[in-house]
Amino acid sequence: LVLITISIFIMGFVSKNIAQVLSIQLDTAQIWHNVVVVFLALGILLSISSLFRAWFVSYKAYLLQLCKLFVSGSRLSVVGLCLIAAIGEELFFRGVVQHYLGLGMTSLIVLVLYSLSNLKLSAWSLFGFLQSILLGVVFIEVGSIYPAIMIHFALNLNTLLRPALVAEIPIKSK
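Our subject in this report is the structure included herewith. Quick caveat, the model's predicted, so the values are computed rather than measured.

1. A few points about the overall build of the chain
Piece 1. Within the chain, the secondary structure is distributed over seven helices and zero strands.
Piece 2. Seen in sequence order, the chain has helices and strands lined up from the N terminus as α-α-α-α-α-α-α.
Piece 3. Evaluated residue by residue, the chain yields a buried proportion of 41% over its 174 residues.
Piece 4. When the accessible surface of the chain is split by element, carbon and sulfur atoms take 74% of a total near 9,400 Å².

In structure tokens, the structure reads:
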């Protein structure tokens, strides 16, 4: 929630791009293009995540650590956490950082931050970098923050709930 507040403050009072970032583009000629872009990006990222799970033991181990850390509550609290994280991160990285530094530098910053989370360049940090590039492209192509938030939310759910659904870790049902 702090990241969301900071992002909205910066977009509203510093960069003054809040109306642009939070606007909804309803150009009917672009709807099918936007739908294809969103589902293509989501499919690519879910496929990469599945491949990384299969190929990199460290990636799967890191995901399981995240699950154990965040899935101690109910499924509803996990869904709320996934949504708040997606909103905060996308408002900050797409609405603020990408506005000032562009897609390439934003993705490099994400790579560094993901690398700091486990103190090394890993499959997890590479996935974060690829995710940042694709979400940034979606934001540019579609012209709205909402599809990037929805994709990020779906990826978060896939990361935190999928292992529980395939019985890799236990989760509370309430």
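Still more ground to cover, so stick around.
2. Some remarks on the side chain of Ser125
Piece 1. Note that Ser125 resides in helix α6 (residues 123-142).
Piece 2. For Ser125, a relative accessible area of 0% corresponds to the buried category.

3. Looking at the nonpolar core
Piece 1. Counting residues in hydrophobic clusters, the biggest one holds 29 residues, and the most contacted among them are Phe52, Tyr59, Trp124, Phe127, Val138, Ile151 and Leu160.
Piece 2. Counting only elements with at least two residues in this core, the list comes to α3 (31-55), α4 (57-70), α5 (75-117), α6 and α7 (146-165).
Piece 3. Not counting chain neighbours up to four residues away, the residues in contact with Val138 comprise Val37, Val38, Ala41, Gly143, Pro147, Ala148 and Ile151.
Piece 4. Ile4, Ile10, Ala86 and Phe139 belong to the second largest nonpolar core, which has ten residues in total.

4. What about the pattern of salt bridges?
Working definition: two side chains of opposite charge can pair if their charged atoms are close together.
Piece 1. For the structure shown, the criterion picks out one salt bridge.
Piece 2. Ionic pairing is found between Glu90 and Arg94, a salt bridge with its closest N-O pair at 2.8 Å. Pair noted here: Glu90 and Arg94 are both in helix α5, with a separation of four residues, about one helical turn. Taken as a pair, Glu90 and Arg94 share a single burial class, namely buried.

5. Focus: the packing of aromatic side chains
Piece 1. Under the defined criterion, the tally for this structure stands at eight aromatic pairs.
Piece 2. Their ring planes at 80° and their centres at 5.1 Å tell us that Phe92 and Phe93 sit as a pair that is edge-to-face.
Piece 3. The exposure class of Phe92 is partly exposed, given its relative accessible area of 22%.
Piece 4. The buried category is assigned to Phe93, whose relative accessible area is 12%.
Piece 5. Joined through ring pairs, the aromatic side chains of Phe52, Phe56, Tyr59, Tyr114, Trp124 and Phe127 make up one cluster.

6. Considerations on the packing of helix α1 (residues 2-14) against α5
Piece 1. At a minimum axis separation of 8 Å, α1 and α5 run at an interaxial angle of 30°. With respect to α5, the axis of α1 lies roughly parallel. Of the two possible hands of crossing, α1 and α5 adopt the one that is left-handed. Each of Leu3, Ile4, Ser7, Ile8, Ile10, Met11 and Val14 in α1 lies in contact with α5, whose residues at this interface are Ile84, Ile87, Gly88, Glu89, Leu91, Phe92, Gly95, Val96 and Tyr100.
Piece 2. A class-by-class count of the residues in the contact of α1 with α5 yields twelve nonpolar, three polar and one charged.

7. Let's talk about the environment of Gln65
Piece 1. Its place among the elements puts Gln65 in helix α4.
Piece 2. Taking the C-alpha atoms as reference points, Gln65 and Leu160, 95 residues apart in sequence, are found 9.8 Å from one another.

8. Details of the environment of Tyr100
Piece 1. Inspection of the secondary structure assignment puts Tyr100 in helix α5.
Piece 2. Sequence separation between Tyr100 and Ser15 is 85 residues; the distance between their C-alpha atoms is 8.5 Å.
Piece 3. Excluding residues within four positions of it along the chain, Tyr100 makes contact with Val14 and Ser15.

9. Side note on a nonpolar patch on the surface
Piece 1. Residues Phe9, Phe13, Val14, Tyr100, Leu101, Met105 and Leu108 make up a contiguous nonpolar surface patch of about 740 Å² in total accessible area.
Piece 2. Within the residue set of the nonpolar patch, elements represented by two or more residues are α1 and α5.
Piece 3. Considering every element that reaches the nonpolar patch, the biggest residue donor is α5, with four residues.
Piece 4. Tracing the chain through its elements places Leu101 in helix α5.

Reading guide: rules and limits
- Residues numbered from 1 in each chain as written.
- Predicted model: local features only at pLDDT ≥ 70, side-chain atom pairs only at ≥ 80, totals over all residues.
- Heavy atoms only, no water.
- Helix = DSSP H or I, 4+ residues; strand = E, 2+ residues; numbered from the N terminus.
- Buried < 20%, exposed > 50% of the residue type's maximum accessible area, 1.4 Å probe, protein only.
- Areas by Shrake-Rupley, 256 points an atom, 1.4 Å probe, with all protein chains shown as cover.
- Core = buried A, V, L, I, M, F, W, Y, C linked by side-chain atoms within 4.5 Å.
- Contact = heavy atoms within 4.5 Å.
- Salt bridge = Lys/Arg side-chain N within 4 Å of Asp/Glu carboxyl O.
- Phe/Tyr/Trp six-rings, centres within 6.5 Å; stacked < 30°, edge-to-face > 60°.
- Axes fitted to C-alpha atoms, helices over the stretch in contact; angles between N-to-C directions.
- Parallel < 35°, antiparallel > 145°, perpendicular 65-115°, else oblique.
- Left-handed = near helix turned anticlockwise from the far one by under 90°.
- Nonpolar A, V, L, I, M, F, W, Y, C, P; charged D, E, K, R; others polar.
- Patch = residues over 30% accessible without salt bridge, like charges linked within 9 Å, V, L, I, M, F, W, Y side chains within 5 Å.

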